[in-house]
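# Structural overview
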Amino acid sequence: MKIQTAVFVGACGKPEEFFGDGTPEVAFAGRSNVGKSSLLNRLVGSSLARTSSTPGRTQTVNWYRIDGRWWLVDLPGYGYAKASRTAREAWARLIASYFAGASSRRLVVQLVDARVGATPLDIEAGAYFDGLGVARLVVATKVDRLKRNGRARARDGIVRALNLETEAELLDVSATSGEGIRELWKRISDFLAG
Ligand code: GTP
Ligand code: MG
C-alpha cells in the first residue's frame, strides 16, 4: 500500500477536540517509550510524529489524516512511571473517551517492546481492548535489538501473556530497520478494505 498524503491535524488533550469523523481509525497504543511515534513515522515515511528517548513524550491523542480517507491515531503511552496519579487518571479518561467516540471502524495496534515482553500493564490494556470488542493487532517492537533466539522467546512470551489465539496475531516490527513494515501495511490495508 502506498499513501499519497499524511498530514498531522492536531494534538488533543481533551475529548471535545478529537477529530474522529466516522472514517476508519487505526490507533497505536502501548507503553510509554515502546516506539509508537517512531513506528508511525516509519509507516508514513516521514517524521511527522515527535519521538524521544524520554518516556512520556506523547501525552495527547495525535491525529494524522491519511489520504484524506482515514486516520492514524497516536495515543499517549501508558505506564509512564514518573507520572503523577492525577496525570494517570487524566490519561485513563482520555483513552476511555477516545474509545467511546463514534467511529464506524477502528483497529487498535497494540505495541509491546520485544526486549521487555508483555508487562502487567500490557496485559491489562489487552484485556481492556478485548472487553471493548475492538479489532486488535499486536506488534512486537524494536526487534532489531534481538537475535534470532531472543526473538522466538519474546514472541512465545507475548503470545502467551496476551492470550493470543494464533501466532499470526503478532507481528515483529522495527521502526529502525524497517522489518515488518510491509506486513503491517498489508494488515492495515486489509482492515481498511474490510
Ligand atoms: P511515548 O510518546 O513516550 O509514549 O513513546 P513512544 O511509544 O511514542 O516511543 P518513541 O517512538 O518516541 O520511541 C522511544 C525510543 O525508542 C526512542 O529513543 C526511539 O529511538 C526508540 N525506538 C523506537 N523504535 C525503535 C526500533 O524499532 N528499534 C530501536 N532500536 N529503537 C527504537
Ligand atoms: Mg510518542
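For the structure, check the block above.
Overview of the structure. For every chain, the first residue of its written sequence is number 1, and the numbers climb from 1 along that sequence. Written order decides the labels, with chains lettered from A and ligands numbered from 1. A pLDDT threshold of at least 70 governs which residues receive local features in this predicted model, and a stricter bar of 80 or more applies before side-chain atom pairs are shown or counted, although totals over entire chains, interfaces and linings include all residues. Only hydrogens and water are set aside; all other atoms, that is, all heavy atoms of the structure, feed into the side-chain values.

### Considering the packing of helix α2 (residues 85-100) against helix α3 (residues 120-132)
In this analysis, axes come from line fits to C-alpha atoms, helices being fitted only over the stretch in contact, and the angle between any two N-to-C directions falls in the range 0 to 180 degrees. Under the scheme used here, helices are H or I runs from DSSP no shorter than 4 residues and strands are E runs no shorter than 2 residues, and both carry numbers assigned from the N terminus. Where α2 contacts α3, the two axes come as close as 12 Å, and the packing angle between them is 25°. As judged from the angle between their axes, α2 and α3 are roughly parallel. The two elements α2 and α3 meet at a crossing, and its hand is right-handed. Where α2 approaches α3, its residues I95, A96 and F99 are matched on the opposing element by Y128, F129 and L132. In this count, Pro and Cys sit with the nonpolar residues alongside Ala, Val, Leu, Ile, Met, Phe, Trp and Tyr, while Asp, Glu, Lys and Arg are called charged and the others, Gly among them, polar. Its residues assigned to classes, the contact of α2 with α3 shows six nonpolar, no polar and no charged. Working rule for angles: under 35 degrees goes down as roughly parallel, over 145 as roughly antiparallel, 65 to 115 as roughly perpendicular, anything else as oblique. By definition, turning the near helix anticlockwise from the far helix through less than a right angle yields a left-handed crossing, and turning it clockwise yields a right-handed one. Here, two residues are considered to be in contact whenever any of their heavy atoms come within 4.5 Å of each other.

### Structural notes on the packing of aromatic side chains
Stacked, edge-to-face and tilted labels apply to pairs of Phe, Tyr and Trp rings (six-membered ring for Trp) whose centres lie within 6.5 Å, assigned for plane angles under 30 degrees, over 60, and everything in between, in that order. In this structure the tally under the stated criterion is 13 aromatic pairs. Consider the rings of F99 and Y128, whose centres lie 6.1 Å apart with planes at 80°: the pair is edge-to-face. Here F99, found in helix α2, pairs with Y128, found in helix α3; they are 29 residues apart in sequence, far enough to count as distant. Ring pairing ties together the aromatic residues F18, F19, W63, W71, Y98, F99, Y128 and F129, which thus form one cluster. Two limits define a charge over a ring: the Lys NZ or Arg CZ must be within 6 Å of the ring centre, and within 35 degrees of the ring normal. Against the face of Y98 rests R106, its NZ or CZ located 4.5 Å from the ring centre.

### A short note on the nonpolar core
Counting 26 residues, the largest nonpolar core has V26, F28, L72 and V139 as the members making the most contacts within it. Ranked by residues supplied to this core, first place goes to helix α5 (residues 181-193) with six residues. Each residue touching V139, except ones within four places of it in the same chain, is listed here: L39, V109, Q110, L111, V112, L170, L171, V173 and L184. What is meant by a nonpolar core is a set of buried Ala, Val, Leu, Ile, Met, Phe, Trp, Tyr and Cys residues, joined one to another through side-chain atoms within 4.5 Å. Using a 1.4 Å probe on the protein chains alone, a residue whose accessible area is under 20% of its type maximum counts as buried, one over 50% counts as exposed, and one in between counts as partly exposed.

### Points about a nonpolar patch on the surface
Distance thresholds for patches are 9 Å for like charges and 5 Å for nonpolar side chains (Val, Leu, Ile, Met, Phe, Trp, Tyr), applied to residues having over 30% relative accessible area and no salt bridge. All accessible-area figures derive from a Shrake-Rupley calculation using a 1.4 Å probe, and residue coverage is judged against the displayed protein chains alone. The salt bridge definition used is simple: a Lys or Arg side-chain nitrogen within 4 Å of an Asp or Glu carboxyl oxygen. On the surface, V7, V9 and F19 cluster together into a nonpolar patch covering about 210 Å² of accessible area. Secondary-structure assignment places V7 in strand β1 (residues 6-12).

### Considerations on α5
Between its first and last C-alpha atoms α5 spans 18 Å; for 13 residues at 1.5 Å apiece the expected length is 18 Å, and the two agree. All of the buried residues in α5 are I181, L184, W185, I188, F191 and L192. Buried residues of α5, seen end-on, are gathered within an arc of 120° and therefore sit on one face of the element. Every exposed residue of α5 that faces more than 90 degrees away from the buried side is listed here: R182 and A193. Looking at the buried residues of α5, the elements they touch are β2 (25-30), α1 (36-44), β4 (70-74), β5 (106-113), β6 (135-141) and β7 (170-172). One less than the number of residues in a helix, times 1.5 Å, gives the span that helix is expected to have. Directions from the helix axis toward the C-beta atoms define the arc.

### Some words on the environment of T141
Tracing the sequence through the fold places T141 in strand β6. Taking the C-alpha atoms as reference, T141 lies 10.0 Å from S38; in sequence the two are 103 residues apart. When neighbours within four sequence positions are excluded, T141 is seen to be in contact with V34, L111, V112, D113, A114 and V173.

### Concerning the pairing of β4
For β4, the tally of buried residues reaches five of five residues, placing the bulk of the element in the interior. With burial as the criterion, each face of β4 is covered, one bearing W70, L72 and D74 and the other bearing W71 and V73. Paired strands are those between which DSSP finds at least two bridges. Where β2 and β4 come together, four bridges link them in parallel fashion. Bridge pairing in β4 links F28 to D74. Alignment of strand β3 (residues 61-66) against β4, held across five bridges, turns out to be antiparallel. Pairing of N62 across the sheet is with D74, part of β4. Counted along the chain from β3 to the antiparallel partner β4, the turn is three residues long, and its residue D67 has a positive phi close to 50°.

In short, geometric facts, not functional conclusions.
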